[in-house]
Amino acid sequence: MKDETKAVHAGRDPHNNHGIVNPPVYHASTILYPTYEDLKHPKTRVQYGRRGTPTTFALEDAVVALEGGHGCKIVPSGLSAVTTALLALLGSGDHLLMTDNAYGPTRTFCDTFLKRMGVETTYYDPTIAGGIADLIRDTTKVVFTESPGSLTFEVQDIPAIADAAHARGVKVVLDNTWASPLFFKPYEHGVDVSIQAATKYIVGHADTLLGTITANQETFSAIHAAHGQLGQCAGPDDIYLALRGLRTMDVRLKQHMQQGIDFAKWLETRDEVDFVLHPALPSHPQHDLWKRDFLGASGLFSAVLKPVSDTALSAMLDDLELFGMGYSWGGFESLVVPSDPAKIRTATGWDAPGPLLRFHVGLEALDDLKEDLDKGFQRMKAVS
Ligand SMILES: *Cc1c(COP(=O)(O)O)cnc(C)c1O
């Protein structure tokens, strides 16, 4: 079955639900057992609200159908997907290899909580590929990857990293949020655990925080155990919204892809722009890797402007009509956020002289988006 079909049908069973198309939203803590014997030896998957209801299982099943893996756990945010996966696989005295382009709060977790727990983190160049072998120690348990990085968009050679890691018994965890479960298939490229900030494209409407963790058969029991031990669970209404978002994810993503590529190419032609970081453009340093491993591109990328004053940048950003300025992404609407990668990396440098703007290209008409930004560039020029 193709992904388009799975996105529509996976995790649904209308004829076991009065013919109703969507799964019910179960609000539950207590689950009652009919007999003492059933309580001692539960026969069903539904045992206690925190461990999931049929609403939860519907989303787990749909995500596994699309992303792959042996099983899936649902958590209350993308960040909790990252932290739960790491806590499942690491203990005191262990060593973690973390990509230098990782999502900021992922780094913060390593530098604070994991450090306090006695886990040492080494940041590595995201483009290291098989060279990761030289950084693996006897105590290394996990190589964490994020490809492409959600700010600077380096595409990682995941198969090469996985080969080197597996040769030493090290697990590979991937933050697969940029590609969504549709555009990168982690279990065909050697990944052991894949996390999604479902907040982004799965939910897709900027109204709910949620995370998913899938894992291969060998690793899933550790994820399942940590998820239970930490008491992770998500509310049924949020899970329902994620299921609703997932049904249209394929059509939304195709539109985000096309508009994102078109918009990025337009930015490349602009005088104000120094360079664009979009994996699907031939100008991207790892474009060939993206072509080899990915099935598409989402609507998130960055553009680095030629140097401008902060006043000129404010003039441009403050009066944008359609591009909202704010964090998160993956909803139907366009966003822009300025950021300085130099402040959040340690293993690799960042020396672009101008400001970086991260764009999320939404579902508005492209001409309107271009006009909005064009006016912004004009305001910028009027000031500088
Ligand atoms: C947003 C994001 C997260 C965290 O997701 P939340 O749901 O906001 O906690 C993790 N990784 C990446 C790449 C993200 O963009």
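Please read these numbers as outputs of a predicted model, since none were measured by experiment.

Details of the UniProt feature "modified residue: N6-(pyridoxal phosphate)lysine" (unreviewed entry) in the protein chain
What UniProt calls "modified residue: N6-(pyridoxal phosphate)lysine" (unreviewed entry) maps, in this numbering, to Lys200. With respect to the helices and strands, the residue Lys200 is situated in the loop between strand 6 (193–197) and strand 7 (211–215). Taking the relative accessible area as the measure of exposure, Lys200 reaches 8% and is therefore buried. Residues in contact with Lys200, not counting those within four places in the same chain, are Thr177, Ser328, Trp329, Gly330 and Gly331.

A look at the domain arrangement of the protein chain
Annotation of the protein chain at the domain level lists domain 1 (3–246) and domain 2 (250–383). Distance between the C-alpha centres of domain 1 and domain 2: 27 Å. Between domain 1 and domain 2, the contact holds 39 residues from the first and 40 residues from the second. A salt bridge links Lys254 to Glu4, with the shortest nitrogen-to-oxygen separation between them at 2.9 Å.

A look at the pattern of salt bridges
Per the stated rule, a full pass over the model turns up 21 salt bridges. The partner of Lys73 in a salt bridge is Glu60, with the nearest N and O atoms 4.0 Å apart. With Lys73 in strand 1 (residues 71–75) and Glu60 in helix 3 (residues 54–67), this pair connects stretches of sequence that are 13 residues apart. Exposure class is identical for Lys73 and Glu60. Each is buried.

What to know about the layout of surface pockets
The volume enclosed by the largest pocket comes to roughly 570 Å³. Lining the largest pocket we find 34 residues, and of these Tyr103, Gly104, Pro105, Ser150 and Arg358 sit closest to its centre. Its residues placed into classes, the lining of the largest pocket shows 17 nonpolar, eleven polar and six charged. When residues of the lining of the largest pocket are sorted by domain, at least three fall in each of domain 1 (3–246) and domain 2 (250–383).

Here's the deal with the packing of helix 4 (residues 78–89) against helix 8 (residues 217–229)
Interhelical geometry of helix 4 versus helix 8 gives an angle of 115° and a closest axis separation of 8 Å. Judged by the angle between their axes, helix 4 and helix 8 are roughly perpendicular. In this structure, helix 4 meets helix 8 at a crossing whose hand is right-handed. In this structure, helix 4 contributes Thr84, Ala85, Ala88 and Leu89 to the contact, and helix 8 contributes Thr219, Ala222, Ile223, Ala226 and His227. Each residue belonging to the contact of helix 4 with helix 8 can be placed in one class, and the counts come to six nonpolar, three polar and no charged.

Section: the nonpolar core
Residues Leu59, Trp178, Phe263, Leu267, Phe359 and Leu373 are the most contacted members of the largest nonpolar core, which totals 82 residues. At seven residues, the largest contribution of residues to this core is made by helix 10 (residues 249–268). Both domains that furnish three or more residues to this core are identified here as domain 1 (3–246) and domain 2 (250–383). The contact partners of Phe263, leaving out residues within four places of it in the chain, are Phe301, Phe323, Phe359, Val361, Leu366, Leu369, Lys370 and Leu373. Residues Leu86, Ala102, Tyr123 and Ile195 belong to the second largest nonpolar core, which totals 26 residues.

Here we look at the sheet that holds strand 1
Taken together, the seven strands give an open sheet; going across it, the order is 1-7-6-5-4-2-3, and neighbouring strands pair in mixed fashion. One side of each edge strand has no neighbouring strand; the edge strands of this open sheet are strand 1 and strand 3 (120–124). Put simply, the sheet's adjacent strands are angled 20° from each other on average, direction ignored. One ladder, built from five bridges, connects strand 2 (residues 95–99) with strand 3; its direction is parallel. Directly across from Leu97, in strand 3, lies its bridge partner Thr122. Of the strands in this sheet, strand 1, strand 6 and strand 7 touch helix 3, which is tilted by about 125° from strand 1.

Some thoughts on unusual backbone geometry
Cis peptide bonds are those with omega within 30 degrees of zero, and the linkage from Ser147 to Pro148 qualifies with -15°. The residue Pro148 is located in the loop between strand 4 (140–146) and helix 6 (158–167) in this model. In this structure, His18 takes a positive phi of about 60° despite not being glycine. Topologically, His18 is positioned in the loop between helix 1 (3–9) and helix 2 (36–40). Look at His18 and you get exposed, because its relative accessible area is 78%.

Thresholds, definitions, all that
- Residues numbered from 1 in each chain as written.
- Predicted model: local features only at pLDDT ≥ 70, side-chain atom pairs only at ≥ 80, totals over all residues.
- Heavy atoms only, no water.
- UniProt positions renumbered as here; feature names shortened; annotations may be inferred.
- Helix = DSSP H or I, 4+ residues; strand = E, 2+ residues; numbered from the N terminus.
- Buried < 20%, exposed > 50% of the residue type's maximum accessible area, 1.4 Å probe, protein only.
- Contact = heavy atoms within 4.5 Å.
- Domains from an automatic or database assignment.
- Salt bridge = Lys/Arg side-chain N within 4 Å of Asp/Glu carboxyl O.
- 1 Å grid on protein atoms, 1.4 Å probe; cavity = no way out; pocket = protein on both sides within 12 Å on 5 of 7 lines; lining within 4 Å.
- Points joined across faces, edges and corners; volume = space filled by probe spheres on them.
- Nonpolar A, V, L, I, M, F, W, Y, C, P; charged D, E, K, R; others polar.
- Axes fitted to C-alpha atoms, helices over the stretch in contact; angles between N-to-C directions.
- Parallel < 35°, antiparallel > 145°, perpendicular 65-115°, else oblique.
- Left-handed = near helix turned anticlockwise from the far one by under 90°.
- Core = buried A, V, L, I, M, F, W, Y, C linked by side-chain atoms within 4.5 Å.
- Pairing = 2+ DSSP bridges.

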